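# Fold and contact review
The chain contents come next:
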Amino acid sequence: MRQPLSRELSNLLERGRDRQLRLAVTGLSQAGKTAFLTSLVNQLRHAGVEARLDLLPAAREGRLLGAQRLNQPDLGVPRFPYDPGMAALRDTPPRWPEPTRGISELRLQLRYRPARSGWLTPEIAHLTLDLFDYPGEWLLDLPLLQHDFYSWSQAQALYAGEQRRGLFSEWLAAVEKLDPAGEADEAQLAALAEEYAQGLRRAKKAGFSDLQPGRFLLPGELEGAPVLQFFPLPQLDASQHNTSRETLEALPANSLYATLAARFRYYQQQVVKPFYRDHFRRFDRQIVLVDVLGALNAGPERFEDLSSALRQLMHSFDYGQRSLLTRLFAPKIDRLAIAATKADHVTPDQHGHLVQLLEALLAEPLKDLRFANVPVKALSLAAIRATEAREVTHEGKRSPALRGTTLEGEEVLVYPGDVPARLPAADFWQQQGFDFPGFRPMQTTSEALDHIRMDAAIDWLIGDKLT
């Protein structure tokens, strides 16, 4: 929905003065976006009162006065459900906020005292922070903009890997018999598209990440629409395919190939591109949240799958140095944080390894960003703390442990396992097992949520604007 001209002019003025930031909180499904956003709003609202933000200089020095929610810029988009999220966390027993199933926004105004005084410096300054939440499943579609149907079919990862292929076995058996030049059968297409969607849902449940199209997992308002009745053709796998692109694209409009290609283009142009244009082209700062522990739990094939999905995803954003013109007309992400979430699910002695593993997982995208002179920081964090660090004594030896309540309600004292400091080799998976259980959020009576290194993340993302 287009904003009124007065609001657009106000936003333009604030951006020209560098008093407005749009923050991209990027993460695949179950990476912790909703928890991160809930905690971020909570920490900023209670800065200077109860929030523990020692690693954020503006808060530590008493200059950050807090934050207030403002009317959001787009009245056609729901407000981020901060209050329901907080209500869930304060319930008995506490619950995690509901996962995101649609788009939402939130605008905060931060008030602070500038560190330097002068006749041009106001006594109290403000910074507007725009936040945006969305289903992680939909984020998977951004790399589709780099493909047409032919190249997308060749690029799909579901043909490789024994475990992943097994989840699509029935669909593959049926679709591999199809003739791309044959006439399309609408009922057959609908049935095969639904079987393909079921395969994607099975793969997601099994811990895989690189799953496209994302709307097949969470259709939203497109449930049952013909635009979701397409799928890749394994016959176009580059290692097996002998028919040229030109031959396939010359097929009549009612052919199987032409029908699937047309639906792919429609999905790409009418679903993915507006989502990217309206929400993902205008960010200034970004944090990429990664559930590294979940991938370790799931095994080697899922771990590599996560790495592939993240590499593709990070090519979908515009990175680079900002200037007045780019701030106003072509925003670029000029600072990036990558964060391994759920750091409280391992003991503190493993946090360093968690960061090293994250950097190894994203090694190639990070090289490109550093080459482009985009500042990047890697860290581990827990947006909402779920465990307490403890020590246990066994046979006279003290060892680290975690105390928490599992999702099933059992109070436990555990050592979940060691995190490797580098990408695991093939033999590593045969020797090492992982058991990083899920935990309920900790019960709290404080207004400010307990966390691990949220203050470090906030400082990196916006601290330079609070000086």
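Note that this is a predicted model, so its numbers are computed, not measured.

A few words now on the environment of Arg335. Following the sequence through the fold, Arg335 ends up in strand E6 (residues 335–340). For Arg335, a relative accessible area of 18% corresponds to the buried category. As for Arg335 and Gln286, which are separated by 49 residues in sequence, their C-alpha atoms are 6.6 Å apart. Setting aside its immediate chain neighbours within four residues, Arg335 contacts Asp284, Arg285, Gln286, Val374, Pro375, Trp460 and Asp464.

The strand order E2-E3-E4-E1-E5-E6-E7 describes an open sheet built from seven strands, whose pairing is mixed. Every other strand in the sheet has two partners, leaving strand E2 (64–70) and strand E7 (376–380) as the edge strands with one partner each. Between one strand axis and the next, the sheet turns by 20° as a mean value, whatever way the strands run.

Enumeration according to the criterion identifies 24 salt bridges in this entry. The partner of Glu447 in a salt bridge is Arg90, and the shortest N-O contact between them spans 3.5 Å. Separated by 357 residues along the polypeptide, Glu447 in the loop between helix H17 (426–431) and helix H18 (454–462) and Arg90 in the loop between helix H4 (82–89) and strand E3 (104–112) bring together distant segments of the chain. Salt bridges sharing common partners tie together Asp148, Arg245 and Glu249.

Locating Thr387 in the fold gives a position in strand E8 (residues 387–394). Residues within four places of Thr387 in sequence aside, it is in contact with Asp344, Leu402, Arg403, Gly404, Phe439 and Met442.

This next bit is on the packing of helix H2 (residues 33–45) against H4. Their axes nearest at 10 Å, the elements H2 and H4 cross at an angle of 90°. Taken together, the axes of H2 and H4 are roughly perpendicular relative to one another. Two secondary-structure elements touch here, H2 through Thr38, Val41, Asn42 and Arg45 and H4 through Tyr82, Met86 and Leu89. Here the contact of H2 with H4 is composed, by residue class, of four nonpolar, two polar and one charged.

Let's shift gears to the domain arrangement of the protein. The domains assigned to the protein are domain 1 (19–138 + 280–385 + 443–465) and domain 2 (142–276). In this structure, domain 1 and domain 2 have C-alpha centres spaced 33 Å apart. Listed by partner, the interface residues are 25 residues for domain 1 and 21 residues for domain 2. Taken over both partners, the interface formed by domain 1 and domain 2 buries close to 2200 Å², and the fraction arising from carbon and sulfur atoms is 54%. Linking domain 1 to domain 2 there are two salt bridges. Taking the shortest distance from any N to any O, the salt bridge between Arg164 and Asp305 comes out at 2.4 Å. Scanning the region where domain 1 abuts domain 2 turns up 13 residue pairs in polar contact (both at pLDDT 80 or more). At the level of elements, helix H5 (136–139) and helix H13 (300–314) are the ones that each hand at least two residues to the side of domain 1 that touches domain 2. The greatest single-element share of the side of domain 1 that touches domain 2, amounting to eight residues, is contributed by H13. Considering only residue class, the side of domain 1 that touches domain 2 consists of twelve nonpolar, six polar and seven charged.

About the cut-offs
Residues numbered from 1 in each chain as written. Predicted model: local features only at pLDDT ≥ 70, side-chain atom pairs only at ≥ 80, totals over all residues. Heavy atoms only, no water. Helix = DSSP H or I, 4+ residues; strand = E, 2+ residues; numbered from the N terminus. Buried < 20%, exposed > 50% of the residue type's maximum accessible area, 1.4 Å probe, protein only. Contact = heavy atoms within 4.5 Å. Pairing = 2+ DSSP bridges. Axes fitted to C-alpha atoms, helices over the stretch in contact; angles between N-to-C directions. Salt bridge = Lys/Arg side-chain N within 4 Å of Asp/Glu carboxyl O. Parallel < 35°, antiparallel > 145°, perpendicular 65-115°, else oblique. Nonpolar A, V, L, I, M, F, W, Y, C, P; charged D, E, K, R; others polar. Domains from an automatic or database assignment. Buried area = accessible area lost by both parts, 1.4 Å probe. Polar contact = N/O pair within 3.5 Å; in protein donor to acceptor, adjacent residues only side chain to side chain.

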